[in-house]
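The residues making up each chain are set out below.
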Amino acid sequence: MTEITRNRSSTGIAFILLGMLAISVNDMLIKKLSGGYPLHQIVFTRSAIGLAILSPMVWYEGGLSILKTRQPLLHVIRGLLVVVSNMTFFVALAVAPLADVTALFFVAPLFITLLSIPILGEKVGAMRISAVAVGFAGVIIMQRPWEGSETLEVDRVVLLLPVFSAFAYALMQLMTRKLGATTKASALAVYIQSMFVVVSVCFFVVAGDGRFAEESGNPSRYFLLRPWIWPAQEDWPYLIGLGVNSAAVGYCLSQAYRVADAATVAPFEYAMLPMAVFWGWLIWNELPQPEIWVGMTLIMGAGLFVFLREQQKSKQIARTEVKGRY
């Protein structure tokens, strides 16, 4: 591995860690606001503010010309995937503990690492594959399949939503890797935020007056279909914070998967797990159950192993390259 490749990997890891911090704050704020506003209104406000913040980044990276693309359909598909991923995740987040939903979602980095082999042609060795298997075991433990629906805190379908969200997210990030070869990170982020705005406006036109909310007896569906209201003064700081985080998330994740291999970057998304536990404890006095801790430990251990294995391979290749020069 060349010095340039190692630097790109380090840059990708730095961006993914910043993105995970922004996502954890984003999830905390949306859960906090879910009791008073519909999901599509929160998403619209967040994305509109995010677009305003992204504008200087677009200008810095080349101006409006970087928004031109020869692959509009792929960008639309990518945008729809991230919208589906976010919507299903947040619907679950409204009624389930933050740490539990986040933990269930963390099948996504495992999907990314595995799918990067056939889709992107990236090389993932047996050691990392084994670590991914351990991570999957941790995810299964977190899902608690041995428990009946009557003992679970939320509906079984709600627990499946983060997994579906993870699959859509994994496909989106793999598309980011392909599209990022010819598209700037700020442009990728703008496309996503624009898709959020379009979908949210469509939700407003169809259900913004709350006409379908009364028919919904499910808290998750009510969060999705309740009527729009003008935000209270004390909620504006949270909404603005969501916009800032939205811009940061879109940029950092797009940049991470542009500059580094998906299999290298994906394991560092596990850093969001302890962040979710922290916000859940700080804001809602929630702490994960023992099996959640076990599964989380397995996933974080698998991610750490993948990182150490990658570093070890980098050093071995670097030593081989140096010897070859003499």
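This one's a predicted model, so the numbers in the text were calculated from it and none came from an experiment.

**Overview of the overall build of the protein**
Stage number 1. Summing up its helical and strand segments, the protein has 13 helices and zero strands in all.
Stage number 2. Ordered by position in the sequence, the α and β elements of the protein form the string α-α-α-α-α-α-α-α-α-α-α-α-α.
Stage number 3. In the protein, which comprises 326 residues, the share counted as buried stands at 52%.
Stage number 4. A separation threshold of at least 6 residues defines the contact pool for the protein, and within that pool the share at least 24 residues apart is 85%.
Stage number 5. Of the roughly 15,100 Å² of accessible surface on the protein, a fraction of 68% belongs to carbon and sulfur atoms.

**Focus on the packing of aromatic side chains**
Stage number 1. The full count for this structure, using the stated rule, is eleven aromatic pairs.
Stage number 2. Geometrically, the ring pair formed by Phe111 and Phe167 is edge-to-face, given 5.6 Å between the ring centres and 80° between the ring planes. With a gap of 56 residues between them, Phe111 in helix H5 (residues 108-120) and Phe167 in helix H7 (residues 156-179) connect regions that are remote in the sequence.
Stage number 3. A residue is classified by how much of its surface remains accessible, and Phe167, at 38% relative accessible area, is partly exposed.

**Here's the deal with the nonpolar core**
Stage number 1. Formed by 78 residues in total, the largest nonpolar core has its most connected members in Ile16, Ile112, Tyr169 and Tyr257.
Stage number 2. When residues of this core are assigned to their parent elements, the largest contribution, eleven residues, is made by helix H1 (residues 3-33).
Stage number 3. Formed by eight residues, the second largest nonpolar core is a distinct cluster that contains Ala189, Val190, Tyr191 and Ala247.

**Here we look at the pattern of salt bridges**
Where charged atoms from two side chains of opposite charge come close, those side chains can pair.
Stage number 1. With the rule as written, the count across this model stands at one salt bridge.
Stage number 2. Note that Asp209 is salt-bridged to Arg211, the shortest N-O span being 3.0 Å.

**Section: unusual backbone geometry**
Stage number 1. One non-glycine residue with positive phi stands out, namely Asn285, at about 55°.
Stage number 2. With respect to the secondary-structure elements, Asn285 resides in the loop between helix H12 (272-284) and helix H13 (290-324).

**Observations concerning helix H2 (residues 39-60)**
Stage number 1. An ideal rise of 1.5 Å per residue puts 32 Å on 22 residues; H2 measures up with 32 Å between its terminal C-alpha atoms.
Stage number 2. The sharpest bend along H2 comes to roughly 30°, located at Leu54, with the proline Pro56 sitting one to four residues further on.
Stage number 3. When H2 is considered as a whole, its buried residues turn out to be Leu39, His40, Gln41, Ile42, Val43, Thr45, Arg46, Ser47, Ile49, Gly50, Leu54 and Val58.
Stage number 4. One or two steps after H2, the chain reaches Gly62, where phi turns positive at roughly 140°.

**Some remarks on H12**
Because the α-helix completes a turn every 3.6 residues, residues three or four places apart line up on one side.
Stage number 1. Relative to the 18 Å expected for 13 residues at 1.5 Å per residue, H12 spans 17 Å between its end C-alpha atoms, a close match to the ideal helical length.
Stage number 2. Within H12, the full set of buried residues consists of Met272, Leu273, Ala276, Val277, Trp279 and Gly280. Seen along its axis, H12 keeps its buried residues to an arc of 165°; they face one direction.
Stage number 3. Immediately downstream of H12, the backbone of Asn285 shows phi near 55°, a positive value.

**Brief notes about the confidence of the model for the protein**
Stage number 1. Of all residues in the protein, 88% have pLDDT values of 70 or greater, and the mean over the chain is 81.
Stage number 2. Averaged pLDDT values over the elements of the protein bottom out at 69 in H13 and peak at 89 in H12.
Stage number 3. Under a pLDDT of 50 for its full length, residues 320-326 has, in the predicted model, two contacts with residues more than four places off or in other chains.

**Section: the packing of H2 against helix H8 (residues 185-207)**
Stage number 1. The interhelical angle for the contact between H2 and H8, taken along N-to-C directions, is 150°, at an axis separation of 8 Å. For the element pair H2 / H8, the angle class is roughly antiparallel. The hand of the H2/H8 crossing is left-handed. Residues His40, Val43, Phe44, Arg46, Ser47, Ala48, Leu51, Leu54, Met57 and Val58 of H2 form the contact with H8, whose own contacting residues are Ser186, Ala189, Val190, Gln193, Ser194, Phe196, Val197, Ser200, Val201, Phe203 and Phe204.
Stage number 2. Residue composition of the contact of H2 with H8, grouped by class: 14 nonpolar, six polar and one charged.

**Points about a nonpolar patch on the surface**
Stage number 1. On the surface, Phe278, Trp281, Leu282, Ile283, Leu287 and Trp293 cluster together into a nonpolar patch covering about 600 Å² of accessible area.
Stage number 2. Relative to the assigned elements, Trp293 resides in helix H13.
Stage number 3. Residue Trp293 is classed as partly exposed on the basis of its relative accessible area of 40%.

Definitions and cut-offs
- Residues numbered from 1 in each chain as written.
- Predicted model: local features only at pLDDT ≥ 70, side-chain atom pairs only at ≥ 80, totals over all residues.
- Heavy atoms only, no water.
- Helix = DSSP H or I, 4+ residues; strand = E, 2+ residues; numbered from the N terminus.
- Buried < 20%, exposed > 50% of the residue type's maximum accessible area, 1.4 Å probe, protein only.
- Contact = heavy atoms within 4.5 Å.
- Areas by Shrake-Rupley, 256 points an atom, 1.4 Å probe, with all protein chains shown as cover.
- Phe/Tyr/Trp six-rings, centres within 6.5 Å; stacked < 30°, edge-to-face > 60°.
- Core = buried A, V, L, I, M, F, W, Y, C linked by side-chain atoms within 4.5 Å.
- Salt bridge = Lys/Arg side-chain N within 4 Å of Asp/Glu carboxyl O.
- Expected span 1.5 Å × (residues − 1).
- Bend = angle between axes of the 7 residues up to and from the residue.
- Arc of directions from axis to C-beta.
- pLDDT = per-residue confidence, 0-100.
- Axes fitted to C-alpha atoms, helices over the stretch in contact; angles between N-to-C directions.
- Parallel < 35°, antiparallel > 145°, perpendicular 65-115°, else oblique.
- Left-handed = near helix turned anticlockwise from the far one by under 90°.
- Nonpolar A, V, L, I, M, F, W, Y, C, P; charged D, E, K, R; others polar.
- Patch = residues over 30% accessible without salt bridge, like charges linked within 9 Å, V, L, I, M, F, W, Y side chains within 5 Å.

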